[in-house]
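Topology and contacts: notes
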Amino acid sequence: MATRREHEDDENPRAKRVKMESNGHTDNPYLAHWNDEPKSDRPSNSGDLLYKFKRHGTTSKQAHDAEDGPLNPFTGKALSQKYMGILKTRRDLPVHKQRHEFLELYQKSQILVFVGETGSGKTTQIPQFVCFDDLPHLNNKMVACTQPRRVAAMSVAQRVAEEMDVSLGEEVGYSIRFEDRTSPSTMLKYMTDGMLLREAMHDNNLTRYSTIILDEAHERTLATDILMALLKEVVQRRKDLKLIIMSATLDATKFQKYFHDAPLLAVPGRTHPVEIFYTPAPERDYVEAALRTVLQIHATEGEGDILLFLTGEEEIEDACRKIRIEASDLMQEGAAGPLEVYPLYGTLPPAQQQKIFSSAPAPLKQGGRPGRKCIISTNIAETSLTIDGIVYVVDPGFSKQKVYNPRIRVESLLVSPISKASAQQRAGRAGRTRPGKCFRLYTEAAFKKELIEQTYPEILRSNLASTVLELKKLGIDDLVHFDLMDPPAPETLMRALEELNYLACLDDEGDLTPLGKLASEFPLDPALAVMLISSPEFYCSNEMLSLTALLSVPQIFVRPAKDRKRADEMKDLFAHPDGDHLTMLNVYHAFKSEAAQDNPKQWTHDHFLSYRALQQADNVRLQLKRIMEREEIELMSTPFENKKYYENIRRALVAGFFMQVAKRDGNGKSYITVKDDQSVLLHPSNVLGQDSEWVVYNEFVLTNKNYIRTVTSVKPEWLLDIAPNYYDLDTFKKGEIKNALQRTLNKVIRKEADKGKR
Amino acid sequence: MAGSDDDDDYMNMVFEEAPKQETALQRRMRIEREGRERGRIKSKAERDAEAEAAREAGLAKELDSSNKGFKMMAKFGFKKGDTLGKSENARKVPIHLDIKEDKGGIGLDSEKKRKFREHMEKAEQEAKRSKVEEGDYRDRVRQEREEKKAEKEFYNAQRTVERLHEQSLEHGKFTEQDVSKGHSPKSAMSVPLKEVNVVWRGLIRHRLEKQRNQKQQRDLKDSLTARLPTLTDDEEDEDDKLALGREAEVQLLDPEDEEDSELEEFDALSFSDRLEKIVLYLRETYHYCFWCKHQYVDATLDGCPGITEEDHD
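Residues numbered from 1 in each chain as written. Chains lettered and ligands numbered in written order. Predicted model: local features only at pLDDT ≥ 70, side-chain atom pairs only at ≥ 80, totals over all residues. Heavy atoms only, no water.

With that out of the way, let us pick up the overall build of chain B. Across its full length, chain B holds 10 helices and 2 strands. The order of helices and strands in chain B, counted from the N terminus, is α-α-α-α-α-α-α-α-α-α-β-β. Expressed as a percentage of the 313 residues in chain B, the buried residues total 26%. Considering only contacts within chain B whose residues lie at least 6 apart along the sequence, 47% involve residues at least 24 apart. (Helix = DSSP H or I, 4+ residues; strand = E, 2+ residues; numbered from the N terminus. Buried < 20%, exposed > 50% of the residue type's maximum accessible area, 1.4 Å probe, protein only. Contact = heavy atoms within 4.5 Å.)

Below is the structure:
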């Protein structure tokens, strides 16, 4: 029992097991601290502190001691006071109790499925546990931990760097699209799943990594699904590579089964029971019902914060406004305490996102009715963000989900019912600090009958053109038998292959062309990549580079509800009658002008533009420019005075987006998409002059109407000239569009003939 | 040729097809028509409906072997109807697009459908039941019609009573009541209201009310100095009256006549019942048959077929 005195925070059962295991070993880890006693002997240079560790043979005890310091085991520097403080809280995390069990399984098996509910500490701790045993820095390897979201990759890396007492970008770094914060000394790398996939394109066996952790696998993002299928093959070739699949939901048996019955370790989260309430009858208006429920909770329920799930920015901001008004009325009547309402959605600036963590307001006067906060969020508060203090969850049962249908080639965000799994996850949010309540704004019968079991993985709801190009680059030829966890419908693959063929990225056999190889170098949609690569042919690669960057970032125009008119007036300053693409380009050029760069924040604010988005575009442009220089794609511009300046840009646009073209239907407002024959309207945000017969569009958006967004006027002659394969009239069915194209073709032929005569 | 006309089988004669070439006129008209069709600006609803129809048509159309991607997949052994990957329950068709157009909560649509179905079922049952109820309806309408008729007859009968009463006064005949009560015969208008038989008291009361109202109106109009017999305070002078606005007060009836429970009770009866009572009263008091429109000489009413209207059909 002497040892117990020394390690009081060790738990008894585990301590016993450790002892049993290490019986008979000369290097009894329990006595490690005795062996380590002459600390002065230790070399102080980095890395050597863990020199005695036997790779894939360490114990939690050893790691525990190393963590205690006083020197940082990875850098050799003295550990800070702050580190010690964090270490104490880290050891309170649920995963810490199972560190030993984890190590056992990790050492024993090549693949491991780890289940830990949100708040268990898996994302921050497991990669560190791995580092102490895998010792990547001593083997010139890295440990990768993927995240579905860029923000998560950044913030978790930041946190773990603090926990390990190293500076971000050194031993611990992150890598996201268009931003890489790693160095040669990096041993633990947080990255988006998409980034790891891109790395695999150049390094098919991912040789830089000794352990790969796929975190938040339950979210089933497109990139995670592809990575799982890929890594399933890689682990066969690389027996030294370890793989950990981490999921937050208990239904992890699917992962186990997929990975040939890999062992599973589950860590319970810190959760309390949540009582679930259903409505007696379906709601006529779920938003209105949600507001009513929130106010009712506020007026009648005990202390505790409220989390309401709604679908999108507009709906959330609107609800915030209404609840604030009603709640202040309630407070004035003395029927409730103060209520602070915070919105939360992806496009919200980080500073405002941070507000959700502020504590609930105090009662108006001492002993008065308690104040509380109410967070109205999209489904990002469902799994990825942990907000303490939530006791009441209001769940109307909807979220905005991406959908793709290859038959009409539309990829859009649609408000759809959530799954049962999602509903459970939402309810669980109420039980983080103490027993909570979840108010579902639907009947129990509807929950049972109308909700699907699991949310469809992203791979079933996405256009796969970009993915197919990546896989082809990865050397996977037989996509038909590629072992995905949930294979998409064959038509989705069919359409993706066809699109890549029209873009000349794949030949008729389905093999990668030189253009396809080049396009795959760009972290872009194939259409955008092809547009960029072919832009020197139109003497405007500088401009197309800017435009590509602008199309890769969130909306640059800001249009606040209370200032719509002024915002539109400001936009008109930049408007180009030939289209939105040209307008965006005008904005960018103005943004880069000296006048604006003097005080870009003020300038963007004055012009109702998003400073963040433009800055991001600037950064993306720089990254893309590097790739272009590396690939020796010439950067050039048509002189601005040249009357072909804008025409060249419009033609270059066609080179990438010839499959996203619509023609005006008669003289009316609506347009018909080429080949898919969908009736669409120009999105109200367009700046187009009225008489554009043909337009290219960036997006086909489905709401209660079909819209095409970000449109620019083009000429039919260009379509026939630049994309003759796609505009082969024999492949068109009879109709208005074919007739119009035929007329154009006849005109072109006549002109050519006239030229010939002269 | 004329002789062979009889042999021609007109029914089975094959006509050469009319020349396909459209004439210049036809062509111009067709182009005009097509132009009009194109030029017409579609209404919003039309557009929405068209867009939805096109979408549904597009969504229903499967990509087939004519697709270039299909050929690339076929190279790896893909056949129509196959699924991708190695999983057994892989998807065969893309996920359907469901566009939510309102803010209805989960389960509302199916609830609406259920309600609609129930509503239709209910409507069906209602239709069946209403056929049964049709007979009742006819009865009710007939009753209403009869009541209306009885009302008219009742008022007629009241006027008849009055006429006979006046006649009896002229002829010096006393009514039974008058005799029994020891009253000297007087015009109904001059006797206290409550002494008039209830069957026709309503008529008199109504007339009195009307007269009094008219009188008061007249008095008001005539002059401010006009004295209302019941209301004037002798000590008040005209100025006081003016100041107190007494003239504006309108008395509908003498206070003693306000309450008349006997009349109220009688009025509560249906018109056909009241008619029956007044008819009997006429027979008993005046030996008059309302249906024969004849005053008989004695109480036997000899020659009258009966007391009801039907008896006189």
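When helices and strands are counted, chain A shows 29 helices and 21 strands. Its C-alpha radius of gyration of 29 Å places chain A within 12% of the 27 Å reference for a compact globule of 758 residues. With respect to the three principal axes, the spread of C-alpha positions in chain A is 105 × 70 × 55 Å. The 758 residues of chain A split such that 58% are buried. Sequence separation of 24 or more characterises 73% of the internal contacts of chain A that already satisfy a separation of 6 or more. Of the roughly 32900 Å² of accessible surface on chain A, 49% is carried by carbon and sulfur atoms. Positive and negative side-chain charges in chain A, numbering 101 and 107 respectively, have mean positions lying 2 Å apart. (Rg over C-alpha atoms; globule rule 2.2 N^0.38 Å. Areas by Shrake-Rupley, 256 points an atom, 1.4 Å probe, with all protein chains shown as cover. Lys, Arg positive; Asp, Glu negative; His and termini not counted. Charge placed at Lys NZ, Arg CZ, Asp CG, Glu CD.)

Residues and elements named next belong to chain A. The sheet built from 6 strands is open, its strands ordered 9-16-13-10-12-11 with parallel pairing. Either end of the sheet is taken by a strand with one partner, and the two such strands are strand 9 (274–278) and strand 11 (339–344). Averaged over all pairs of adjacent strands, the angle between strand axes in this sheet comes to 20 degrees, irrespective of strand direction. The sheet contact formed by strand 10 (residues 305–309) and strand 13 (residues 390–395) spans 4 bridges and is parallel. Looking across to strand 13, one finds that L308 is bridged to V394. Contacting strand 9, strand 10, strand 13 and strand 16 (436–440), helix 15 (residues 420–428) runs over the sheet at an angle of about 140 degrees to strand 16. (Pairing = 2+ DSSP bridges. Axes fitted to C-alpha atoms, helices over the stretch in contact; angles between N-to-C directions.)

Residue and element names in this part refer to chain A. Looking at chain A, the domain boundaries give domain 1 (47–267), domain 2 (274–459), domain 3 (482–639) and domain 4 (658–757). Between the C-alpha centres of domain 3 and domain 4 there is a distance of 21 Å. Every contact between the two is made by 17 residues of domain 3 and, on the other side, 18 residues of domain 4. Across the interface of domain 3 and domain 4, roughly 1400 Å² is buried in total on both sides, 61% from carbon and sulfur atoms. When the area that domain 3 buries against domain 4 is broken down by residue, the three leading residues are Y502, D580 and H581, summing to 43%. Our count for the domain 3 to domain 4 interface comes out at 1 salt bridge. (Domains from an automatic or database assignment. Buried area = accessible area lost by both parts, 1.4 Å probe. Salt bridge = Lys/Arg side-chain N within 4 Å of Asp/Glu carboxyl O.)

Attention now moves to the interface of chain A and chain B. Counting residues at the interface gives 67 residues for chain A, matched by 52 residues for chain B. Counting each side, the surface lost to burial between chain A and chain B is near 5300 Å², with a carbon and sulfur contribution of 64%. Per-residue buried area on chain A facing chain B is highest for R407, V480 and M494 of chain A; these three make up 13% of the total on that side. Counting across the interface, chain A meets chain B through 2 salt bridges. For K75 of chain B, the salt bridge is made with E509 of chain A, and the minimal N-O distance between the two is 4.0 Å. Where chain A packs against chain B, one counts 14 residue pairs in polar contact (both at pLDDT 80 or more). Residue assignment for the side of chain A that touches chain B shows that the elements contributing at least two residues are helix 12 (286–300), strand 14 (398–405), strand 15 (410–417), helix 16 (444–450), helix 18 (490–502) and strand 19 (679–682) of chain A. Sort the elements by how many residues they give to the side of chain A that touches chain B and helix 18 of chain A lands first, with 9 residues. A breakdown of the residues in the side of chain A that touches chain B according to their chemical character gives 32 nonpolar, 13 polar and 22 charged. (Polar contact = N/O pair within 3.5 Å; in protein donor to acceptor, adjacent residues only side chain to side chain. Nonpolar A, V, L, I, M, F, W, Y, C, P; charged D, E, K, R; others polar.)

Using the residue numbers shown here, the UniProt feature "domain: G-patch" (unreviewed entry) corresponds to residues 65–111 of chain B. Structurally, residues 65–111 of chain B is divided into 23% helix and 0% strand, and its ends, taken at the C-alpha atoms, are 41 Å apart. (UniProt positions renumbered as here; feature names shortened; annotations may be inferred.)

The next point concerns the environment of D48 of chain B. Residue and element names in this part refer to chain B. Position of D48 relative to the elements: it lies in helix 2 (residues 44–60). The exposure class assigned to D48 is partly exposed, which follows from its relative accessible area of 32%. Residues D48 and Y296, spaced 248 residues apart in sequence, show a C-alpha to C-alpha distance of 85 Å.

All right, on to the pairing of strand 19 of chain A then. Residues and elements named next belong to chain A. Burial along strand 19 is two-sided: the residues S679 and L681 and V680 and L682 are all buried. With antiparallel pairing between neighbouring strands as the criterion, strand 18 (residues 671–673) and strand 19 make up a hairpin whose turn holds 5 residues, including K675 at a positive phi of roughly 70 degrees. In terms of strand pairing, strand 19 meets strand 21 (residues 706–714) through 2 bridges, oriented parallel. Bridging across to strand 21, L682 finds its partner in I708.

All names here are of chain A. Residue position: P435 is located in the loop between helix 15 and strand 16. In this structure, the C-alpha to C-alpha distance between P435 and L688, residues 253 residues apart in sequence, is 55 Å. With near-sequence residues (within four places) excluded, P435 lies in contact with H272, P273, V391 and A430.

What follows covers helix 2 of chain B. Structurally, the α-helix is built with 3.6 residues per turn, so residues lying three or four positions apart point the same way. Its 17 residues give helix 2 of chain B an end-to-end C-alpha distance of 24 Å, which sits within 8% of 24 Å, the value for a rise of 1.5 Å per residue. Of all the positions in helix 2 of chain B, only R47, A51, R55, G58 and L59 of chain B are classed as buried. Down the axis of helix 2 of chain B, the sector holding all buried residues measures 100 degrees, keeping them to one side. Residues of helix 2 of chain B that are exposed and angled more than 90 degrees away from the buried face: A45 and A60 of chain B. Where helix 2 of chain B is buried, its residues touch strand 14, strand 19, strand 20 (694–702) and strand 21 of chain A. (Expected span 1.5 Å × (residues − 1). Arc of directions from axis to C-beta.)

The next subject is unusual backbone geometry. Residue and element names in this part refer to chain A. Of note, the phi angle at R220 is positive, near 50 degrees, even though the residue is not glycine. For R220, the position within the fold is in the loop between strand 6 (209–214) and helix 10 (222–237). Notably, E632 is not glycine yet its phi reads approximately 55 degrees, a positive angle. If you trace the backbone, E632 turns up in the loop between helix 26 (611–630) and helix 27 (645–657). Overall, E632 belongs to the exposed group, its relative accessible area being 72%.

On to the sheet that holds strand 17 (residues 661–664) of chain A. The strand order around the closed barrel formed by 5 strands is 17-18-19-21-20 (chain A), and the pairing between neighbours is mixed. Across the sheet, the mean angle from the axis of one strand to that of its neighbour is 50 degrees, orientation sign disregarded. In the packing of helix 2 of chain B onto the sheet, contacts are made with strand 19, strand 20 and strand 21 of chain A, and the angle to strand 19 of chain A comes to roughly 130 degrees.

With that settled, the discussion passes to empty space enclosed by the protein. All names here are of chain A. Within this structure, the stated rule accounts for 10 cavities of 30 Å³ or more. Taken as a whole, the second largest cavity spans an internal volume of roughly 100 Å³. Counting residues per element, the lining of the second largest cavity draws most heavily on helix 17 (residues 465–473), which supplies 3 residues. Here the residues of the lining of the second largest cavity are counted per class, giving 11 nonpolar, 1 polar and no charged. (1 Å grid on protein atoms, 1.4 Å probe; cavity = no way out; pocket = protein on both sides within 12 Å on 5 of 7 lines; lining within 4 Å. Points joined across faces, edges and corners; volume = space filled by probe spheres on them.)

Enumeration over the complete set of coordinates arrives at 25 aromatic pairs over all chains. Taken together, the aromatic side chains of Y502, F658, Y726, Y727 and F732 of chain A make up a single cluster linked through ring pairs. The ring of Y106 of chain A has K242 of chain A sitting right over it, with the charged end atom 5.1 Å from the ring centre. Directly above the ring of F290 of chain B sits K293 of chain B, whose terminal nitrogen or CZ lies 3.7 Å from the centroid. (Phe/Tyr/Trp six-rings, centres within 6.5 Å; stacked < 30°, edge-to-face > 60°. Lys NZ or Arg CZ within 6 Å of the ring centre and 35° of its normal.)

The next thing to look at is the confidence of the model for chain A. The predicted model of chain A has a mean per-residue pLDDT of 88, with 93% of residues at 70 or higher. A low-confidence stretch, residues 1–47 of chain A stays under pLDDT 50, and its non-local contacts, those more than four residues away or across chains, total 44 contacts. (pLDDT = per-residue confidence, 0-100.)

Residues and elements named next belong to chain A. Formed by 132 residues in total, the largest nonpolar core has its most connected members in I212, F522 and Y727. No other element matches helix 10, which puts 10 residues into this core. Core analysis: the second largest hydrophobic core is formed by 40 residues, F74, L112, A153 and V166 among them. (Core = buried A, V, L, I, M, F, W, Y, C linked by side-chain atoms within 4.5 Å.)

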